[in-house]
Amino acid sequence: MRRKIIVGNWKMNLDGKSVENLITGLVSRLGEFKHLDVGVAPPFVYLPMAVCLAKEKSLAIAAQNCYPESRGAFTGEISPPMLADIGVDMCIVGHSERRRYFNESNEFIARKVRTLIDNNIKPILCVGEKLEERDAGETLEVVGDQVRKCLSEVGSDEVGEVVLAYEPVWAIGTGRNATPEQAEEVHRFIRGIIGDMYGEDVSSEMRIMYGGSVKPDNAYDLIAKDEIDGALVGGASLALEQFVGIISKVL
Ligand code: PEP
């Protein structure tokens, strides 16, 4: 039985006071939700405060990015050992905004996944097709290629550290979510690829979140699907009641 997981991706939003209020509010509500994992990904500068506020509470703190080297002349970048040093639990990689605005390739993302695992930080690996790729019938080919390439440096004894997130690009921040059936088809396909790469035992344990315009009113139908193990939530994770509204749909 896979434990469900909901993670809020705060992107480049909020300020220190609102991060503090949101985390304090969330932590005070988490007692109601012991049957699932909950995490948030604040901007880098608020991570130390977030880790401190979430300490010994059941709220995971994720970074939104990292650089795939431990140290060196990479001005402005943050390494997995640095994230580990301040107590970060997880890190989002492969988000479509990074692929689009920063030209990140599957090969570069694979190196991030590797370095995160080497530093005991769980990668949240995002994959997903663009609208034109879906319209051209290329969804499974694109997503399959992303999964295989981004996990190419990970062995079967460690891939359990990874949480996958299927995020169709056309559904992110658009208010247009994939239907539960569309999402489930891709999730089942991804699980099949994990089975090919690592075997059935590993694939049946692999958690695959859905991301893309998840809101309190569509969360239940998505997360109730057998193949959907939770949600990566952008916009709706910025307001406490909306985010809790989504978390509360995980039964
Ligand atoms: C995201 O950016 O990961 C995301 C899912 O955003 P939104 O929920 O706003 O579509």
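See the structure shown above.
Report on the accompanying structure. Every value quoted in this text rests on a predicted model; they were computed, and no experiment measured them.

Here's the deal with the overall build of the protein chain
Right, on to step 1. A count of helical and extended segments in the protein chain gives eleven helices and eight strands.
Right, on to step 2. Computed over C-alpha atoms, the radius of gyration of the protein chain comes to 17 Å, within 12% of the 18 Å expected from 2.2 N^0.38 for 251 residues, which places it in the range of a compact globule.
Right, on to step 3. In terms of overall dimensions, the protein chain has C-alpha extents of about 45 × 45 × 35 Å along its principal axes.
Right, on to step 4. Of all 251 residues assigned to the protein chain, the portion counted as buried reaches 53%.
Right, on to step 5. Sequence-distant contacts, at least 24 apart, represent 73% of the contacts inside the protein chain between residues at least 6 apart.

Brief notes about the state of the cysteines
Right, on to step 1. Counted according to the given criterion, the structure contains zero disulfides.
Right, on to step 2. Cysteine Cys-126 remains unbridged, with the sulfur of Cys-150 as its closest cysteine sulfur at 9.7 Å.

Let's talk about the environment of Val-202
Right, on to step 1. You can see Val-202 is positioned in helix H9 (residues 200–205).
Right, on to step 2. As a C-alpha pair, Val-202 and Val-159 span 43 residues in sequence and 8.0 Å in three-dimensional space.
Right, on to step 3. With residues near it in sequence (within four places) discarded, Val-202 still touches Ser-156, Val-159 and Ile-194.

Thoughts on the nonpolar core
Right, on to step 1. In this structure, Ile-6, Leu-59, Leu-125 and Ile-190 are the most contacted members of the largest nonpolar core, which totals 66 residues.
Right, on to step 2. Considering each element in turn, this core owes the most residues, six residues, to helix H8 (residues 180–198).
Right, on to step 3. Excluding residues within four positions of it along the chain, Leu-59 makes contact with Ile-23, Leu-26, Val-27, Leu-30, Val-38, Gly-39, Val-40, Ala-54 and Asp-89.
Right, on to step 4. Grouped together as the second largest cluster of nonpolar side chains are 13 residues, Ile-5, Ala-41, Met-90 and Val-163 included.

Concerning the pairing of strand S7 (residues 208–211)
Right, on to step 1. The alternating pattern of S7 places Ile-208 and Tyr-210 on one face and Met-209 and Gly-211 on the opposite face, and all of these are buried.
Right, on to step 2. Inspection of the sheet shows strand S6 (residues 163–166) paired to S7 by three bridges, in the parallel sense. Bridge assignment links Leu-164 to a residue of S7, and that residue is Ile-208.
Right, on to step 3. Two elements, S7 and strand S8 (residues 230–233), share two bridges in a ladder whose sense is parallel. Within S8, the residue paired with Tyr-210 across the bridge is Ala-231.

Considerations on helix H7 (residues 139–150)
Right, on to step 1. For H7, which comprises twelve residues, the first-to-last C-alpha distance of 16 Å matches the rise-based estimate of 16 Å (1.5 Å per residue) to within 8%.
Right, on to step 2. Those residues of H7 that fall on the buried side of the exposure criterion are Thr-139, Val-142, Val-143, Gly-144, Gln-146, Val-147 and Cys-150.
Right, on to step 3. In this fold, the buried residues of H7 make contact with helix H4 (96–101), helix H5 (106–118), strand S5 (122–127), helix H6 (131–135), S6 and H8.

Let's talk about the sheet that holds strand S3 (residues 59–63)
Right, on to step 1. In space, the eight strands of this closed barrel follow the order S1-S2-S3-S4-S5-S6-S7-S8, with parallel pairing throughout. Across the sheet, the mean angle from the axis of one strand to that of its neighbour is 25°, orientation sign disregarded.

Some thoughts on the site of the ligand
Right, on to step 1. Around the ligand, the surrounding shell holds 14 residues, and the nearest of these are Lys-11, His-95, Glu-167, Gly-173 and Ser-213.
Right, on to step 2. The contact in question runs from an oxygen atom of the ligand to an N or O atom on the side chain of His-95, over 2.8 Å.
Right, on to step 3. Protein contact buries 97% of the 290 Å² of open area that the ligand shows by itself.
Right, on to step 4. For the shell around the ligand, the residue count by class is four nonpolar, eight polar and two charged.

A short note on the packing of helix H1 (residues 16–29) against helix H11 (residues 240–247)
Right, on to step 1. Between H1 and H11, whose axes approach to 10 Å, the crossing angle comes to 35°. Like other packed secondary-structure pairs, H1 and H11 cross with a definite hand, here right-handed. Mapping the contact onto sequence places Leu-22, Gly-25, Leu-26 and Arg-29 in H1 and Leu-240, Glu-241, Phe-243, Val-244 and Ile-247 in H11.
Right, on to step 2. In terms of residue class, the contact of H1 with H11 is built from six nonpolar, one polar and two charged.

The rules behind the values
Residues numbered from 1 in each chain as written. Predicted model: local features only at pLDDT ≥ 70, side-chain atom pairs only at ≥ 80, totals over all residues. Heavy atoms only, no water. Helix = DSSP H or I, 4+ residues; strand = E, 2+ residues; numbered from the N terminus. Rg over C-alpha atoms; globule rule 2.2 N^0.38 Å. Buried < 20%, exposed > 50% of the residue type's maximum accessible area, 1.4 Å probe, protein only. Contact = heavy atoms within 4.5 Å. Disulfide = S-S within 2.5 Å. Core = buried A, V, L, I, M, F, W, Y, C linked by side-chain atoms within 4.5 Å. Pairing = 2+ DSSP bridges. Expected span 1.5 Å × (residues − 1). Axes fitted to C-alpha atoms, helices over the stretch in contact; angles between N-to-C directions. Near = heavy atom within 4 Å. Polar contact = N/O pair within 3.5 Å; in protein donor to acceptor, adjacent residues only side chain to side chain. Areas by Shrake-Rupley, 256 points an atom, 1.4 Å probe, with all protein chains shown as cover. Nonpolar A, V, L, I, M, F, W, Y, C, P; charged D, E, K, R; others polar. Left-handed = near helix turned anticlockwise from the far one by under 90°.

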